[in-house]
Every structure is written in structure tokens, then in C-alpha cells.
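Structure assessment
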Amino acid sequence: MNAKKLGFGLMRLPLLDAADSTKIDYETVNGMVDAFLKGGFTYFDTAAPYHGTYSEIAFRECVAKRYPRDAYTITDKLSLHMVSGADKLEEFFAGQLERCGVDYFDIYLLHAVSGDRLGEAERIGAFEFMAKKKAEGKIRHIGFSFHDTADVLDDLLTKHPEMEYVQLQLNYIDWEDKDVQSRACYEVCARHGKPVIVMEPVKGGLLASVAPEAEAVLQAAAPQASIASWAVRFAASLENVVMVLSGMSTPEQVADNLASMRDFQPLTVAESETLDKAAQIVKSKESIACTACRYCVAGCPQNIAIPDYFRLMNQLSKFGDTHIGHAKWNYNHTVGEMGKGKASACIACGQCEGQCPQHLPIIELLQKVAGTLE
């Protein structure tokens, strides 16, 4: 991959109607794409679930129809939850090519792999299907995006060494996080010799607007740099990272990313120390002392993802109520797509509190989660 390290993630595109994610503002996207390509960047990332398949259509209308095929690189994904069985793989893939307006994908990723989804991927022959399409010339390179622990990632790469790229959630707040395990997963990829594509470098926009105390630290060190640029540069500075995706929603976000990445310079030692200081301030804003040990989850009769919901509440404490939309989206995703119980489904049986090493008042805290996120 010889492109500059900034990629255009097509998952948060500008809309004509804020209530309808399929109503994409193509005119604004055209301008964003033009600026991106003019800046010397070529990498685009999409997936069928983004904007209800209209992200792929937006790519066709705003990029594929307006630029020659050698002017851009396009990555799409095999989203398992949208494919009912092995007999639907061909139809799903053909639909993606058509919606994107291309004859082949430069990179094709198995989407959002976890330990739970790995078995499903193997059952329907997803890995074999991707290898077949690569052999046919419909895919140039294969890999997967990943959401699980470092141990699961190590097992997956050991079983499937044919995977060429790994897409990871990686940012300076999640770098040492015990749940996300960004550093540990990054190091697994390095050991296996797999280049990393970074998603969520700005954590869904949360790291574009941090606690005032943390913002003051960053601005004192670099008054002209945006808060978001620190997060993007952190990810891009890692040696084994070949691409950093940014889900850009406005022309201003494109301009900001171009300013920091056009002539990219890795973080210096002093800048890394400054960013670590800011990160510690952000982390200190956590309001629930949950360590995500998950002892509370195993016996929950309502299948409530207690640590996950507490993490969302801590994000609100860290970053402020301006990020309530982001927290609610993640909450609804966990309840809807992942099938976890709502916080309000708690029946106050108390088994979780009996298992909690931190002795947290979980029942009371779940009531606050429901009041805030439902």
C-alpha cells in the first residue's frame, strides 16, 4: 500500500435529512472527495451497513463515476449479519460491486470479526469465498476488521495466515484499555507480519472535543493544531500502521485532516508525552469504577452488557453531554445488533452485585444508564 496514510471512511457522510441516513448530500460529498483526491490521498472505505447501503452508492456517484479507476483505492466488506447463508455470498458480493460501480475491490475485509462471529464465518465458507474472489481478480487483497481480544486475534491469524490486512479500532484512549486492547491487538498483528488499517482513530468524534483541562494541555503545546489532529497523528505514527481511516462528515473535517496529514510528521517524543498527559486527564473523568472484569455478566438472567453500558456512561463523563448521540448509537447497536438486554430490563436480582470485586451498586447504576441512554 503506497498511498498516504489518511483514508476517507464513508460511514458518517453529510445528509440532506438528519432523520434519514440514506439521504446523502451528494453535492457536498463531491466537494469533499475532490479536495481529498487533490490533496494526494486515494483510499476510500465503505461497507453495506453504512447508510443502509447508500454509502456504497455514494462512492459510485461521487468517486467511481467521476474519476478513472486508477485514481482511487476502494475497500469494502463482507458483513456477515447481512448474509443468511453460503448460498447468498455470490449475490451479496455482486450487489456490492454494482452499488460501488467497480469491477473489483482493491481490498475486501471480513466485517467486524469477533470470537462469536468467527464460527459463523467458517461455517458459511467466508474465508474460502474471499480467496476464490481474489483468484478470480475480483479482489486484490483480503483481510478482516476486528473487535475482540488479542488472544482471539492471535488464534485467528494463526488459523488464517492468508489474511493480508487487519483493521483495528485504535486510538490513544483505547491504547491501554483492558477491554478494547488496542496495543495488545496491534502487537499481535506485528508479530504475525500483518499491516494494520486503523478505524476509529478519533473514537467516533469523541477525541475531537475532549475535557477542557485536556484541551488546554494540547493547545498549549500546539496552538495551531486541532484537537482531532492529535488523535489522527497518534495512530499514523505507529510503524505497522499503513492507513488511518477518518469518517469525515463535513468539508471542514476534510480540510483539517489534510492540513495535518498532507505532509505527515510522526509525533515527537515531547508530543507523545503531551498527549499522554492529556489522555490521563480524560481517563480521570470516569465516573464508574468498573474494571470490565465481566464477573457480573455471566449469570445475568437478562443478558445485560453491564460493563459495556458503564463504559458508555464513562465516555459521557470524560467527553461531556455533547457526545450523547454517539453514546446512544453505541447503546442501541449493542441492544439491537448484538442482542444484549437493555439496562431497564434489570430485575434487581442482585447476582451481579454479589460478584462485583469493586462492590459497585450495579442495580442503581443501571437505572441511571436507562435514564440516560434509553
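A brief look at the structure comes next. Since this is a predicted model, take the numbers as computed values, not measurements. (Residues numbered from 1 in each chain as written. Predicted model: local features only at pLDDT ≥ 70, side-chain atom pairs only at ≥ 80, totals over all residues. Heavy atoms only, no water.)

1. A look at the pairing of strand β1 (residues 6–9)
- What you see with β1 is no split at all: L6 and F8 on one side and G7 and G9 on the other are buried throughout.
- As defined by bridge partners, β1 adjoins strand β8 (residues 241–246) across three bridges and the pair is classed as parallel. Along β8, the bridge assignment pairs L6 with V244.
- One ladder, built from three bridges, connects β1 with strand β2 (residues 43–45); its direction is parallel. Paired with G7 across the strands is Y43, a residue of β2.
- This β-α-β element, β1 to helix α1 (residues 26–38) to β2, shows right-handed connectivity. (Buried < 20%, exposed > 50% of the residue type's maximum accessible area, 1.4 Å probe, protein only. Helix = DSSP H or I, 4+ residues; strand = E, 2+ residues; numbered from the N terminus. Pairing = 2+ DSSP bridges. Right-handed = clockwise from strand over helix to strand, strands pointing away.)

2. Focus: the packing of aromatic side chains
- Counted by the stated rule, this structure contains 15 aromatic pairs.
- Between the aromatic rings of F93 and Y108, the centroid separation amounts to 5.1 Å while the plane-to-plane angle is 85°, which identifies the pairing as edge-to-face. Of this pair, F93 sits in helix α3 (residues 89–100) while Y108 sits in strand β4 (residues 105–113), and the two are 15 residues apart along the sequence. As far as burial versus exposure is concerned, F93 and Y108 are alike and both buried.
- Relative to Y331, the ring of Y309 lies with its centre 4.7 Å away and its plane at 55°, an arrangement referred to as tilted. Taken together, the residues Y309 in helix α12 (residues 306–319) and Y331 in helix α13 (residues 324–336) connect sequence positions 22 residues apart. A single burial state applies to Y309 and to Y331, both of which are buried. (Phe/Tyr/Trp six-rings, centres within 6.5 Å; stacked < 30°, edge-to-face > 60°.)

3. Points about the pattern of salt bridges
- By the definition in use, this model includes 18 salt bridges.
- Here R123 and E120 are joined by a salt bridge, their closest N and O atoms 3.0 Å apart. You can see R123 and its partner E120 sitting in helix α4 (residues 115–123), three residues apart, about one turn around the helix.
- In this structure E120 comes out as partly exposed when scored by relative accessible area, which is 27%.
- Note that E187 is salt-bridged to R183, the shortest N-O span being 3.5 Å. Of this pair, E187 and R183 both sit in helix α7 (residues 182–191), separated by four residues, roughly a single helical turn.
- What you see here is one network of salt bridges that share partners, running through E90, K132, K133 and E136. (Salt bridge = Lys/Arg side-chain N within 4 Å of Asp/Glu carboxyl O.)

4. Brief notes about the nonpolar core
- Of all hydrophobic cores here, the largest spans 90 residues; its most connected members are F8, F44, F59, L110, F144 and L153.
- Ranked by the residues each element gives to this core, the list is headed by helix α9 (residues 227–236), at eight residues.
- Ignoring any residue separated from it by four or fewer positions in sequence, one finds F8 in contact with L13, M32, V33, F36, Y43, F44, D45, S246, M248 and V254.
- Counting residues in each nonpolar core, the second largest holds 25 residues, with C296, L316, V335 and L365 among its members. (Core = buried A, V, L, I, M, F, W, Y, C linked by side-chain atoms within 4.5 Å. Contact = heavy atoms within 4.5 Å.)

5. Here's the deal with the pairing of strand β7 (residues 196–199)
- Burial along β7 is two-sided: V196 and V198 and I197 and M199, pointing in opposite directions, are all buried.
- Two strands pair when backbone bridges link them, and strand β6 (residues 165–169) and β7 are joined in this way by four bridges, in the parallel orientation. Counted as the bridge partner of V166 is V196 from β7.
- For the crossover from β6 across α7 to β7, the handedness is right-handed.
- Examined bridge by bridge, β7 and β8 share three bridges and lie parallel to one another. Along β8, the bridge assignment pairs V198 with V244.

6. Here's the deal with the sheet that holds β2
- With parallel pairing, eight strands are arranged side by side around a closed barrel as β1-β2-β3-β4-β5-β6-β7-β8. Pairs of neighbouring strands in the sheet enclose a mean axial angle of 30°, with direction left out of account.
- Contacting β7 and β8, α9 crosses the sheet at an angle of about 155° to β8. (Axes fitted to C-alpha atoms, helices over the stretch in contact; angles between N-to-C directions.)

7. Some points on helix α5 (residues 126–135)
- Residues A126, F127, F129, M130 and K133 constitute the buried set of α5. Down the axis of α5, the sector holding all buried residues measures 160°, keeping them to one side. Across α5 from its buried face, at more than 90 degrees, point the exposed residues E128 and A135.
- Elements in contact with the buried residues of α5: β3 (73–78), α3, β4, α4 and β5 (139–146).
- G137 sits one or two residues past α5 and shows a positive phi near 85°. (Arc of directions from axis to C-beta.)

8. Points about the environment of D106
- Position of D106 among the secondary structure elements: in strand β4.
- Its relative accessible area of 12% is what places D106 among the buried residues.
- Distance in space between the C-alpha atoms of D106 and Y165 is 12 Å, their sequence separation being 59 residues.
- If sequence neighbours within four positions are ignored, D106 has contacts with R69, Y72, T73, I74, R140 and H141.
- For D106, the side chain forms a polar contact with the main-chain nitrogen of I74, separated by 2.8 Å. (Polar contact = N/O pair within 3.5 Å; in protein donor to acceptor, adjacent residues only side chain to side chain.)

9. Focus on unusual backbone geometry
- Within the chain, A112 stands out as a residue other than glycine whose phi angle is a positive 55°.
- Its place among the elements puts A112 in strand β4.
- The exposure class assigned to A112 is buried, which follows from its relative accessible area of 16%.
- For E200, which is not glycine, the phi dihedral falls at a positive 55°.
- Looking at the secondary structure, you find E200 in the loop between β7 and α8 (212–221).

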